[in-house]
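# Summary of the model geometry
Given next are the chains, with one letter for each unit.
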Amino acid sequence: MRSELNANASRTLAWPHDTLPYPCIELSTFRERVTARGKSLYRDLPWRRTRDPYAVWVSEVMLQQTQVSRVDGRWQHWLERFPSVDALACASQADVLAEWQGMGYNRRALALMRAAQQIRELGEFPQDEAALKALPGIGPATAAGIRAFAFNLPGTYLETNVRTVFLHELYPQEVGVSDRLLQPLVAVACPSESARAWYYALLDYGAWLKRTVPNPSRRSRSHVRQSRFEGSHRQKRASVVRLLLDAETKGIGVSETAAALSLLEERDGREPVDADMARSLLEELASEGFCHERDARWYV
């Protein structure tokens, strides 16, 4: 009984006091295991060879819901087209969206451009977490990633691969584990002197786990199966953005949009798109800043 009490006392000293149930291993053991696995599984990815906060930020945004293999190449090309915050801030919206095509979730490209414009006004790239999260499109995980990989600053970087490691190592039998439970553990586990290397180790170990064991992140309460893209509202939005970009300066009308979308839908065995739906899609995109209407024509 005394040894069990001592073990629990050690855990409460190592991990946050209000975190229940307790992790199944102590903090020092966890750190050693992750560090060792990270060294053996390290991926020499191109965005890891820079500490430029702009380049790091672009990689973090691109990697959201996008496979590493798709980002490698696109990240380099983006930086050739928009090599700095100022270059992105001064670019046209059409050029930014055109460069983003094929990456999915076009909102990310608009958020990058708008945040770049705000950073340009600030005069420097912020390091403070609150200042980063105040920028368009930058949430807690992205802010923590920028701080860790560009500035080697500790933070709570809880993304899918990191979550996978914490669930696999600390809660191997638990189901429905909430991020609220994991966040204080992620925060306290990050070594203040080596945040960059620590999170690389977590990312690489997590990516390996997802390939080799039943994905632990599915036991997270926040796990959501991604909805089907083909035939979805999201696919139609993406198609309209491409039509707008192809229209360039001449713009596109509602009936033209409906006809072009119908061709795409019917080609894949789905129902055609009528003018009401086409207008609804255009108005939805306009409300988010993707396009605008002028003289019954729609433009990026």
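Anything mentioned here points back to the structure above.
Heads up: these notes are all about the structure in this document. These figures come from a predicted structure and were not determined experimentally.

### Quick look at the environment of Phe 166
Positionally, Phe 166 belongs in helix α10 (residues 160-170). Assessed through its relative accessible area of 0%, Phe 166 is described here as buried. As a C-alpha pair, Phe 166 and Ser 217 span 51 residues in sequence and 9.1 Å in three-dimensional space. With near-sequence residues (within four places) excluded, Phe 166 lies in contact with Phe 30, Tyr 171, Leu 182, Leu 185, Val 186, Ala 189 and Leu 202.

### Points about the nonpolar core
Of all hydrophobic cores here, the largest spans 52 residues; its most connected members are Tyr 54, Trp 57 and Trp 78. Considering every element that reaches this core, the biggest residue donor is helix α7 (residues 107-122), with seven residues. Setting aside residues no more than four positions away along its own chain, Tyr 54 makes contact with Trp 78, Leu 79, Phe 82, Pro 83, Ser 84, Val 85, Leu 88 and Phe 125. Residues Phe 166, Leu 170, Tyr 199 and Tyr 200 belong to the second largest nonpolar core, which totals 35 residues.

### Quick look at helix α6 (residues 93-100)
What α6 keeps buried is the set Val 96, Leu 97, Glu 99 and Trp 100. Looking straight down α6, one finds that the buried residues subtend no more than 160° of arc, so they occupy a single side. For α6, the secondary structure elements touched by its buried residues are α3 (53-62), α4 (68-81), α5 (85-90), α7 and α13 (233-247). Where α6 ends, the next residue or the one after it, Gly 102, has phi of about 100°, a positive value.

Procedures and definitions
Sequence order as written defines the numbering, with residues in each chain counted from 1. It should be noted that, the model being predicted, local features are given only for residues of pLDDT at least 70 and side-chain atom pairs only at 80 or more, the latter also being counted only at that level, while totals for whole chains, interfaces and linings use all residues. The basis for every side-chain value is the complete set of heavy atoms in the structure, and neither hydrogens nor water enter the calculation. Helix and strand assignments come from DSSP, with helices taken as H or I runs of at least 4 residues and strands as E runs of at least 2, each series counted from the N terminus. Any residue under 20% of the maximum accessible area for its type is buried, any over 50% is exposed, and the rest in between are partly exposed; the area is computed with a 1.4 Å probe on protein chains only. The contact criterion used throughout is that any non-hydrogen atoms of two residues lie within 4.5 Å. Nonpolar core, defined: a set of buried Ala, Val, Leu, Ile, Met, Phe, Trp, Tyr and Cys residues in which side-chain atoms within 4.5 Å join the residues together. This arc corresponds to the set of directions leading from the helix axis out to the C-beta atoms.

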